[in-house]
Amino acid sequence: MQYLKAFVLDVFTNVIEQDGVTKAWCEDTPGNILNIAFLQKLFPNGKYIHVMRHPVGVVHSMEQMVWAPKNLEQRCDLLSELYKRLIDIHEKYKFHNNYFFVKLEDLAGEEKKNELSKFLELDETKYSGSISIDTNKMNYYLDKMEKSDMEYASDRLKFAIDFFDY
């Protein structure tokens, strides 16, 4: 494990220490939250932020991904299994000090931005706190998705929509 950690740090050292003052490294691959148990072994002092987007919006966005099924039912099948795993992860880590869950839509509001800043222990004198979330871009699926597709996805992923309080 120590060799893998050393390798990861070595690969990213130039990025992390480029300006000589950087104290944080953010890696934003969405699927990484699925590997939080492993990542915590590598980086026990790391902070893990789980950002969730409305499941129906994810279904629609996946339509544009080359790796995702083009068929709505298959995308919902894939996401259904994924959300089951995310629920398990959330239940396991929600009370851990280094885990922060937030709905992407909530980051448009000041309250969640402030909570996130506090979680990350950001120095207010060096951090402007300017997180910009354009809810129109985030919720474009509401205008683009066929009503019947939206209803189907909402029904199929209702368990996740309810669990994550959408």
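Residues numbered from 1 in each chain as written. Predicted model: local features only at pLDDT ≥ 70, side-chain atom pairs only at ≥ 80, totals over all residues. Heavy atoms only, no water.

Caption draft 1: Just helix α4 (residues 72-93), in detail. End to end, α4 covers 31 Å across 22 residues, agreeing with the expected 32 Å (1.5 Å per residue, within 8%). Among all positions in α4, only Leu 72, Arg 75, Cys 76, Leu 79, Ser 80, Tyr 83, Leu 86, Ile 87, Ile 89, His 90 and Tyr 93 are buried. (Helix = DSSP H or I, 4+ residues; strand = E, 2+ residues; numbered from the N terminus. Expected span 1.5 Å × (residues − 1). Buried < 20%, exposed > 50% of the residue type's maximum accessible area, 1.4 Å probe, protein only.)

Caption draft 2: Structural context of the pairing of strand β1 (residues 48-52). Only one face of β1 is buried: it carries Tyr 48, His 50 and Met 52, and the other face, with Ile 49 and Val 51, is open. Here β1 runs beside strand β2 (residues 99-103); their pairing, made up of five bridges, is parallel. Note that in β2 the partner of Met 52 across the bridge is Lys 103. (Pairing = 2+ DSSP bridges.)

Caption draft 3: Focus on the nonpolar core. Core analysis: the biggest nonpolar cluster contains 30 residues, and Ile 36, Val 56, Val 59, Leu 79, Tyr 83 and Met 145 have the highest contact counts within it. Sorting the residues of this core by element identifies α2 (36-42), β1, α3 (55-62), α4, β2, α8 (147-156) and α9 (158-163) as the ones contributing at least two each. In terms of residue count, α4 provides more of this core than any other element does, eight residues in total. Filtering out sequence-adjacent residues up to four positions away, Val 56 remains in contact with Tyr 141, Met 145, Met 150, Ala 153, Ser 154 and Ile 161. The next biggest cluster of nonpolar side chains, apart from the first, holds five residues, and it includes Val 102, Leu 107, Leu 116 and Phe 119. (Core = buried A, V, L, I, M, F, W, Y, C linked by side-chain atoms within 4.5 Å. Contact = heavy atoms within 4.5 Å.)

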